[in-house]
Amino acid sequence: MDFMVSDYPGEGWDDIPVPSNWELQGHGQPIYSNITYPFTPGILDASLTYDWKGPQPPRPPFIYRDNPVGSYFRDVEVPAEWEDHSIILHLGGVSSAFYVWVNGREVGYSQDSCLAAEFDITDLVEPGLNRVALQVFRWSDGSYLEDQDMWRLSGVHREVLLMAQPRIALNDVHVRTEFDENLEDAKLKIRPRVWVKSDAGTLEGWNITAQLYDAQNTAVLDIPMSVSVEAVHLERWAPRDLNKFASMQADVHCPHKWSAEDPYLYTLVLTVADSLGRVAEARSQKIGFRKVDFNTRGELLINGRPIKIKGVNRHDHHPVRGKAMTREDMRKDVELIKRFNFNAVRTSHYPNDPYFCELCNAYGLYVMAEANIECHHLGSYIPQQPSWALPILSRIYRMVERDKNHPCVISWSMGNESGSGPAFAAAAGWIHDFDPSRFVHYEGAQGDPTHPDHVEGAGFETQQWPSMANPDDPPYVDVVSRMYPSIEQLWNLSNNPHIDRPIIMCEYLHAMGNSIGTLGDFWDEIRSRGNLIGGFIWDMADQGLLRANEHGEEYFAYGGDFGDVPNDGNFCFNGVFASDRTPNPHAWECKYVFQPAVFSDEDSKNGLVRITNRFDFTNLDRYEIRWALYRDGRQLQAGILTEQNIPAGTDAIVGIPIEEIEFDAGPEYWLRLSLHEATDRPWCGKGHEIANDQICLQEKEGLGAYVSGSKAKIDSEEGEGTVRIYGENFSAEVSRSEGHLMSFKIDCVEWLRSALRPSFWRPPTDNDERFRGVLQSKQVWRSL
């Protein structure tokens, strides 16, 4: 109990790496649960059964099982040259709640396992060794807001650091880029906030300057922007209306626009200098010029061009490190997502590490940033309790504040599967006021009780309705969001006269087992309708944890493999990619359906094909187009086309320079065309294939009727229930009533163990068992 004191020896304590989850370091039990709170009352009583509703609903804020506590301490060297600085302790993510001490003195307490907590410890440290101690609780009342479908793991899972900054410093900056009506020139607007310690002295003569640099590190502004520190620190707030947003502003002529296809970044450098012009500190921020909007047809516009969200949901998960992903782990995830033609990520269901957003800025992925809110087990109970409105709002506005300058973030999602209620309406109002440049999403915001056609108390029934709407959604969200609609329901939503907002699927096509086979059908519908703006497949990677059995054989463990109760078995295995990021078979389906170029037959036998450019912004002249001619799978000819000028969203008929050949009768001939990167990219090397199609030039000739070369005599005879066919050394019997082959003998040896009959049954997939009612229907199919 006194581990936090400065001279506590820690004898017998274990060293573990930080960041990490302590359950994966030999301390405690991983638990995989989809909906059920692991601390539900009676959950460990073997006499009780439970489903996702309980055995008995828990009542916040109580924790109904033993609550593991992880105590940490670490001695840290503070340099003597930091003596005149402010010293900040940063903890990037701790699950689920913790207290912190420095040199035996209590500093503070924090919750929200996926946002950073920072503490000013300037007055608690001294030059030399200092002790930092943490007491981390596995469960807290905040755990009621962290009921995501994932492994429940504990500890300090993101980076920890000490940061020194001057006593007068830049504390934060809010950047907006606003285009003119022609989307040509832009205004760069900056609102800085400063950090001023009480003993910092006079602010007179101190200034903040800002310069913008392009990707070649060339200064963009002829004259840097400037504002006095005093004006920022002593800003007077208007008694009515709102203050002007920008205290620093500049016009930028025709900036290079950011998009997922062309993730062009500028660097904004802000400098704080004293009255003598001496630089106290400088900080930089990557920014992008881009505009997010909707048009009257309900299309999602990026920089004025309609785009579709080809997205995937992503958990922070590594098969060895759990939630404690390294920067290299995150980089590999982003590279994999890009290589398989996804263009968007939903950070399901919590803010990812800020470095993940930096990667999405640089590599080019649209991000739906999601708050760390899910209370699936309790439905709408929590967001309708006044006492929970502030924790919900806090988690949302802290996420928005943290990620507000990332160009990759095009949408704020207020959480996941937490019902609806006034807490979310209040949070949406705050976002709209603070950041009108992005759209607000929340799938739980369904049903409009002010509408005369609203059906009160419909609840889960709406999921089975033809258009999954009752009859519209509340006005505080900017898009109508749904999970797992059928294609027919998606079509009905698109045509619903009550719905005039864009429609997005925040989750669809549950990628578990043998799945995603209907992706092409979904995208035929999405591409044909403007107000269907796309969606996010569930999910990116299987959440397996690497274990070894008693023989040393490694495998990926799922729920229950650690003796964890409650657990949802292998329901955490629903990734486009396997736990080790090996592509599952359906990953290739995603890559093909999402590919940005299509090759189709125009008059291919004479060398003419149609090439369709599905890019939103990019001309195909930036890519290499290869072709190859095959005869029965053997390559005959191949080449690379000359540069093809096919702008985004257009198509062209292109001639393939096939040398004239004679097409032999019998074999099949195929023309394969593919699109490749012409240069190295951050996520792949030159030559990486991003699209391909095959066009049949000649089908294989049919085999025709089979004629036996045998002259052996074959006879038959009819028995009471069978027809017997026999010849030299063989006999066969067929049931007269059912047509089944009952017996087949060669040299008097029976080759059938049982009757050979047609079967309309296959082993059910995981999605069959869980979602498609196969348990009820399978007996019908088996009896055929």
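Below is a summary of the structure that appears in this document.

Cut-offs and rules
- Residues numbered from 1 in each chain as written.
- Predicted model: local features only at pLDDT ≥ 70, side-chain atom pairs only at ≥ 80, totals over all residues.
- Heavy atoms only, no water.
- Helix = DSSP H or I, 4+ residues; strand = E, 2+ residues; numbered from the N terminus.
- Buried < 20%, exposed > 50% of the residue type's maximum accessible area, 1.4 Å probe, protein only.
- Contact = heavy atoms within 4.5 Å.
- Areas by Shrake-Rupley, 256 points an atom, 1.4 Å probe, with all protein chains shown as cover.
- Lys, Arg positive; Asp, Glu negative; His and termini not counted.
- Charge placed at Lys NZ, Arg CZ, Asp CG, Glu CD.
- Core = buried A, V, L, I, M, F, W, Y, C linked by side-chain atoms within 4.5 Å.
- Axes fitted to C-alpha atoms, helices over the stretch in contact; angles between N-to-C directions.
- Left-handed = near helix turned anticlockwise from the far one by under 90°.
- Nonpolar A, V, L, I, M, F, W, Y, C, P; charged D, E, K, R; others polar.
- Phe/Tyr/Trp six-rings, centres within 6.5 Å; stacked < 30°, edge-to-face > 60°.
- Lys NZ or Arg CZ within 6 Å of the ring centre and 35° of its normal.
- 1 Å grid on protein atoms, 1.4 Å probe; cavity = no way out; pocket = protein on both sides within 12 Å on 5 of 7 lines; lining within 4 Å.
- Points joined across faces, edges and corners; volume = space filled by probe spheres on them.
- Parallel < 35°, antiparallel > 145°, perpendicular 65-115°, else oblique.
- Pairing = 2+ DSSP bridges.

### Describing the overall build of the chain
Here comes step 1: Per the secondary structure count, the chain includes 10 helices and 43 strands.
Here comes step 2: Dimensions of the chain along its principal axes, counting C-alpha atoms only, are 115 × 70 × 60 Å.
Here comes step 3: The buried share of the chain, taken over its 784 residues, is 50%.
Here comes step 4: In the chain, the proportion of contacts linking residues at least 24 apart, taken out of those at least 6 apart, comes to 69%.
Here comes step 5: Only carbon and sulfur atoms are counted for the fraction: they give 49% of the accessible area of the chain, which is about 37200 Å².
Here comes step 6: Within the chain, the 115 negative side-chain charges are centred at a point lying 2 Å from the centre of the 73 positive side-chain charges.

### Notes on the nonpolar core
Side chains that are nonpolar tend, in soluble globular proteins, to be buried together.
Here comes step 1: In terms of nonpolar packing, the biggest core is built from 93 residues, with Met414, Leu519, Ile537 and Val576 touching the most fellow members.
Here comes step 2: What methionine 414 contacts, discounting residues up to four positions off in sequence, is Ala371, Ile373, Ile396, Phe424, Ala427, Ala428, Ile431, Val440, His441, Tyr442, Tyr476 and Val477.
Here comes step 3: Counting 30 residues, the second-largest nonpolar core is a separate cluster that includes Leu183, Leu203, Trp206 and Met225.

### Description of the packing of helix H2 (residues 327–339) against helix H3 (residues 354–363)
Here comes step 1: The geometry of H2 relative to H3 is characterised by a closest axis approach of 10 Å and an angle of 35° between their N-to-C directions. Remark: the crossing between H2 and H3 carries right-handed chirality. Between H2 and H3, the contacting residues are Arg327, Met330, Arg331, Val334, Glu335 and Lys338 on the first element and Tyr355, Phe356, Leu359, Cys360 and Tyr363 on the second.
Here comes step 2: The residue inventory of the contact of H2 with H3, partitioned by class, reads 7 nonpolar, no polar and 4 charged.

### A closer look at the packing of aromatic side chains
Here comes step 1: Scanning the entire structure with this criterion turns up 33 aromatic pairs.
Here comes step 2: Arranged with centres 4.2 Å apart and planes meeting at 25°, the rings of phenylalanine 424 and tyrosine 442 form a pair that is stacked. Of the two residues, phenylalanine 424 is situated in helix H5 (residues 422–434) and tyrosine 442 in the loop between strand E26 (439–441) and strand E27 (480–483); the sequence distance between them amounts to 18 residues. Tyrosine 442 matches phenylalanine 424 in its accessibility class, with the two residues each being buried.
Here comes step 3: Following the ring pairs from residue to residue traces out a cluster consisting of Phe3, Tyr8, Trp13, Phe73, Tyr99, Trp101, Tyr109 and Phe137.
Here comes step 4: Here arginine 314 stacks its cationic end above the ring of phenylalanine 356, 4.3 Å away from the centre of that ring.
Here comes step 5: Directly above the aromatic system of phenylalanine 340 lies the positively charged group of lysine 591, at a separation of 5.6 Å from the ring centroid.

### Remarks on empty space enclosed by the protein
Here comes step 1: Evaluated as defined, the whole model comprises 4 cavities of 30 Å³ or more.
Here comes step 2: Of the volumes computed, that of the largest cavity is approximately 220 Å³.
Here comes step 3: The element contributing the most residues to the lining of the largest cavity is strand E9 (residues 150–152), with 3 residues.
Here comes step 4: Residue composition of the lining of the largest cavity, by class: 7 nonpolar, 9 polar and 4 charged.

### Focus on helix H6 (residues 487–495)
Here comes step 1: Those residues of H6 lying buried are Gln489, Leu490, Asn492, Leu493 and Ser494.
Here comes step 2: On its buried side, H6 packs onto E27, strand E28 (503–508), helix H7 (519–528) and strand E29 (532–537).

### Comments concerning the packing of helix H4 (residues 389–403) against H5
Here comes step 1: Close contact between H4 and H5 brings their axes to 9 Å; oriented N to C, the two are set at 25°. By the angle class used here, H4 and H5 are roughly parallel. As for the relative orientation of H4 and H5, their crossing is right-handed in sense. Counting all contacts with H4, which are made through Ala389, Ile392, Leu393, Ile396, Tyr397, Val400 and Glu401, the residues of H5 involved are Ala423, Phe424, Ala426, Ala427, Trp430, Ile431 and Phe434.
Here comes step 2: Among the residues making up the contact of H4 with H5, the classes are represented as 13 nonpolar, no polar and 1 charged.

### Considering the sheet that holds strand E5 (residues 97–102)
Here comes step 1: An order of E2-E8-E5-E6 is seen for the 4 strands of this open sheet, with the pairing classed as antiparallel. Lying at the two open borders of the sheet, with one neighbouring strand each, are strand E2 (69–78) and strand E6 (105–111). Across the sheet, the mean angle from the axis of one strand to that of its neighbour is 20°, orientation sign disregarded.

### Re the sheet that holds strand E12 (residues 168–179)
Here comes step 1: Read from one edge of the open sheet, 3 strands run E12-E13-E16, paired in antiparallel fashion. Unpaired on one side and paired on the other, E12 and strand E16 (248–252) mark the two borders of the sheet. The sheet shows a mean angle of 20° between the axes of neighbouring strands, direction not considered.
Here comes step 2: Here strand E13 (residues 186–196) pairs with E16 via 5 bridges, running antiparallel. When the bridges of E16 are listed, lysine 187 appears paired with aspartate 251.

### Concerning the layout of surface pockets
Here comes step 1: The space that makes up the second largest pocket amounts to roughly 1700 Å³.
Here comes step 2: Residue lining of the second largest pocket: 46 residues in total, with His90, Glu118, Asn171, Asp172 and Arg402 positioned closest to the centre.
Here comes step 3: In terms of residue class, the lining of the second largest pocket is built from 18 nonpolar, 11 polar and 17 charged.

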